[in-house]
Each structure stands twice: as C-alpha cells, then as structure tokens.
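# Descriptive structure summary
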Amino acid sequence: MTKFSHSRVECATKCPYKYKLKYVDKPTTLPDQEPNNALYLGLGLHKGIETTVEEGVREYLSHYYVVDDRHIGWQIQLEYWIPKVKELLPAGEHEVTVKTDDFIGYIDLLVKRKQGNEVVYDIYDFKFSNNIDGYRNSPQLSIYAYYLTKARPNINIGKLHYVFVPKVMIRQKRAETPMTFRQRLLSEMEHKEICLVEVPYMPDAVQQFQAKTAFLTEAEKGTDFPKNQTRLCDWCDYKEYCHPDGKIDYMIYRRN
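The shown structure was predicted, so the numbers you read here are calculated from the model rather than taken from an experiment.

So, how was this worked out
- Residues numbered from 1 in each chain as written.
- Predicted model: local features only at pLDDT ≥ 70, side-chain atom pairs only at ≥ 80, totals over all residues.
- Heavy atoms only, no water.
- Helix = DSSP H or I, 4+ residues; strand = E, 2+ residues; numbered from the N terminus.
- Rg over C-alpha atoms; globule rule 2.2 N^0.38 Å.
- Contact = heavy atoms within 4.5 Å.
- Areas by Shrake-Rupley, 256 points an atom, 1.4 Å probe, with all protein chains shown as cover.
- Lys, Arg positive; Asp, Glu negative; His and termini not counted.
- Charge placed at Lys NZ, Arg CZ, Asp CG, Glu CD.
- Buried < 20%, exposed > 50% of the residue type's maximum accessible area, 1.4 Å probe, protein only.
- Salt bridge = Lys/Arg side-chain N within 4 Å of Asp/Glu carboxyl O.

Attention now goes to the overall build of the chain. In terms of regular secondary structure, the chain is built from 9 helices and 7 strands. Taken against the 2.2 N^0.38 rule, which gives 18 Å for 256 residues, the C-alpha radius of gyration of the chain at 20 Å falls within 12% of a compact globule. If you line up the chain on its principal axes, its C-alpha atoms span 60 × 55 × 35 Å. Restricting to contacts in the chain with at least 6 residues of sequence separation, those with at least 24 account for 67%. For the chain, the exposed surface amounts to about 15,100 Å²; the carbon and sulfur share of it is 48%. Side-chain charges in the chain split into 36 positive and 35 negative, and the spacing between the mean points of these groups amounts to 2 Å.

Below, the structure is given as structure tokens:
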C-alpha cells in the first residue's frame, strides 16, 4: 500500500503533472544549484537545530558543486538563526517518524510535558520562511497529530506550533564589497525575530487529506494528470520539462 505524506498530497493539489513526474514516473533531475534553494536551506536549518551550527552549514553547502559569495550570505543567515532557535525551543525528540499503513511523516520536534494531571506531547515544525499567514492555514500539523495518535494510540496531543525563522531577502549592491554586504545582512537580521505560532487542530483538514489520498490511489492507475502552470513553476524541478514550446529535457536524466 502506498504511504502518503502531507507533502505528497500537497504536490498533487498544486500540480497533478508534477505529482506524476515526482511520484509516478520518477525521473531524476539535475540538482538545483540556486543559493536560495528552499529545500537545501531547510535541510541545513533542521540539521543545525538537531545537532550543531557547523553540521547545519555543512548540510546546506553539501548540495552545491561550487560555493560563491551568494552561498556564504545564506550560510551567515543559518549561523545567525540556528543558535537563536535552539535557545527558544524546549528539549524534546527531534525528527520523529510517524508511520502507519497508509501514511508517513516526520515531526521536527516532539515535546513531552505535564498538563494538569496528564502527559501531553506538543508538536513543533520549523519553517525557514516569511510566509506566516500562508502556513497558519496549512493542515500539516493537524495531519501529523492525527496520524501520531494512530501510530501511538496511548499518546495525548497537546499544542501544535510552527517556528518561523525569517529570511532576509537582500542582494549585494554593485558598489558593495562582500564584507560590506555581510555587515548589512547582519544588521538586517538584527531587526528580525523568530516567530512561534500556535495553530488549532483542524479535523476537517484531516478528512480532506484522507479523501485526497483515496482519490490519488485511484488516479495513479490512470493517466490524467493535467499541468497547472502558475508562478510557482519558477521553483519547480521540472520547469524546463513543462516548457510551453515543448519538452526540454536536458534537466532530466534517467538512471539505467
């Protein structure tokens, strides 16, 4: 049986054709080398929070063939924010796998605490993002909470939190030296704050997720996966493959 994750279903919701490529056809794309790659930055942030700043930076940089000043700018942001996040968070269990017959997910931080006379578990998810309003309505944490109780029937869920680490989106000016830019970057970060947001449990979102997984299970047997071309295509691994003038597949290779 297919194990669905929140990200897998979200992918199908945003673009069925991308879902087909990523989860059904599974061609392998050449690694994206943009310094602000959200996946690589997220991996670096998560690794650093779980271990050390050095390990987090090493994780981020390990995905690049060549590192230049632009990458160093993002490295500086990771080095600045990781210790501050670690100071903010309570002690708990990192990277908790939630697995059932039909679901798989990974909780960034699971914190055990006393609430009155019972023990509850708070769920934390880390986001290196400025899109706080967008994530407030995300069903992700509700889905994690629901399936965690399925995987561990005796557990009681407490609070659901997102931890938003702000991104400073500035570029080096032509007249700036790398050192001047880095000083300006640090100054910008000093005016930002990590945001801890509690969100409610949304049972309707869980039901919608289950309905989508049932639909996708049937859809994978067919071939109808239409493209949904939006501004988000600019950040898609398969964007050249969906080029309006035809399939440009130099960014895709298949292993024998």
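Another point: the environment of M169. Structurally, M169 is set in the loop between β5 (157-165) and α8 (178-190). For M169, a relative accessible area of 54% puts it in the exposed group. Sequence spacing of M169 and I123 is 46 residues, and the spatial spacing of their C-alpha atoms is 28 Å. If we ignore the near neighbours within four places in the chain, the residues touching M169 are W74 and N130.

Attention now moves to the pattern of salt bridges. All told, the structure shown has 9 salt bridges when counted by the stated rule. Notably, a salt bridge pairs D25 with K20, separated by 2.7 Å at the nearest N-O pair. Note on D25: relative accessible area 36%, which makes it partly exposed. A residue is classified by how much of its surface remains accessible, and K20, at 19% relative accessible area, is buried. With its nearest N and O atoms 2.6 Å apart, the salt bridge here joins R58 to E55. Of this pair, R58 and E55 both sit in helix α4 (residues 53-61), separated by 3 residues, roughly a single helical turn.

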